[in-house]
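Chain by chain, the residues run as shown.
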Amino acid sequence: LYKKVLEDRGIKKMYQYRTKIFDKLDLSSENYTKYIWKKDDNLFKLANRFYSNKNYWWLIAYVNNKPTDSHFEIGEEILIPNYDLFGRL
């Protein structure tokens, strides 16, 4: 099914990466920062602000069990996990 689509788009090789599965996370207060979601916030901006890398947006989404920006509401308190909580990725 995908072979034709890939050929039509000129894709010669495709890689699939597994999502890292974490053991139960310890969300005690020293492992995260509480943050209030504001108008115009998004996961990329928050990841860049807290981790200096927008590619770690998914850490925030994962801990809050909300896969996209649209799942957060203005005024909602969310958790920003400390990077060391996840160890080296």
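Residues numbered from 1 in each chain as written. Predicted model: local features only at pLDDT ≥ 70, side-chain atom pairs only at ≥ 80, totals over all residues. Heavy atoms only, no water.

Engineer: How would you sum up the pairing of strand 2 (residues 77-81)? Please name residues and give values.
Structural biologist: One face of the sheet, then the other: side chains in a regular strand alternate in exactly this way. Most of strand 2 is tucked away: four of the five residues are buried. Pairing geometry for strand 1 (residues 32-36) and strand 2, over five bridges, is antiparallel. Across the sheet, residue Tyr-32 finds its bridge partner in strand 2, namely Pro-81. (Buried < 20%, exposed > 50% of the residue type's maximum accessible area, 1.4 Å probe, protein only. Helix = DSSP H or I, 4+ residues; strand = E, 2+ residues; numbered from the N terminus. Pairing = 2+ DSSP bridges.)

Engineer: Kindly report on the side chain of Asn-42, identifying the contributing residues and their values.
Structural biologist: Positionally, Asn-42 belongs in the loop between strand 1 and helix 2 (43-51). What makes Asn-42 buried here is its relative accessible area of 18%. In this structure the side chain of Asn-42 is engaged in a polar contact, spanning 2.7 Å, whose partner is the backbone nitrogen of Lys-45. In contact with Asn-42, not counting residues within four places along its chain, are Trp-37 and Asp-69. (Polar contact = N/O pair within 3.5 Å; in protein donor to acceptor, adjacent residues only side chain to side chain. Contact = heavy atoms within 4.5 Å.)

Engineer: Would you mind going over the packing of aromatic side chains in detail, with residue names and values included?
Structural biologist: Geometry of an aromatic ring pair is reported as the spacing of the ring centres plus the angle between the planes. The full count for this structure, using the stated rule, is four aromatic pairs. Look at Tyr-51 and Tyr-56: their rings are 6.4 Å apart centre to centre, the planes differ by 85°, and that puts the pair in the edge-to-face class. Take Tyr-51: its relative accessible area is 13%, and that puts it in the buried class. (Phe/Tyr/Trp six-rings, centres within 6.5 Å; stacked < 30°, edge-to-face > 60°.)

Engineer: Requested: an account of the pattern of salt bridges, with residues and values cited.
Structural biologist: Taken as a whole and judged by the stated rule, the model has two salt bridges. Asp-8 serves as the salt-bridge partner of Lys-4, at 2.9 Å between the closest nitrogen and oxygen. Remark: Asp-8 and Lys-4 occur in helix 1 (residues 2-8); sequence separation between them is four residues, near one turn of the helix. When its relative accessible area of 52% is taken as the criterion, Lys-4 is described as exposed. Since its relative accessible area comes to 57%, Asp-8 is described here as exposed. When the shortest N-O distance is used, the salt bridge between Glu-76 and Lys-66 registers 2.3 Å. Of this pair, Glu-76 sits in the loop between helix 3 (57-64) and strand 2 while Lys-66 sits in the loop between helix 3 and strand 2, and the two are ten residues apart along the sequence. (Salt bridge = Lys/Arg side-chain N within 4 Å of Asp/Glu carboxyl O.)

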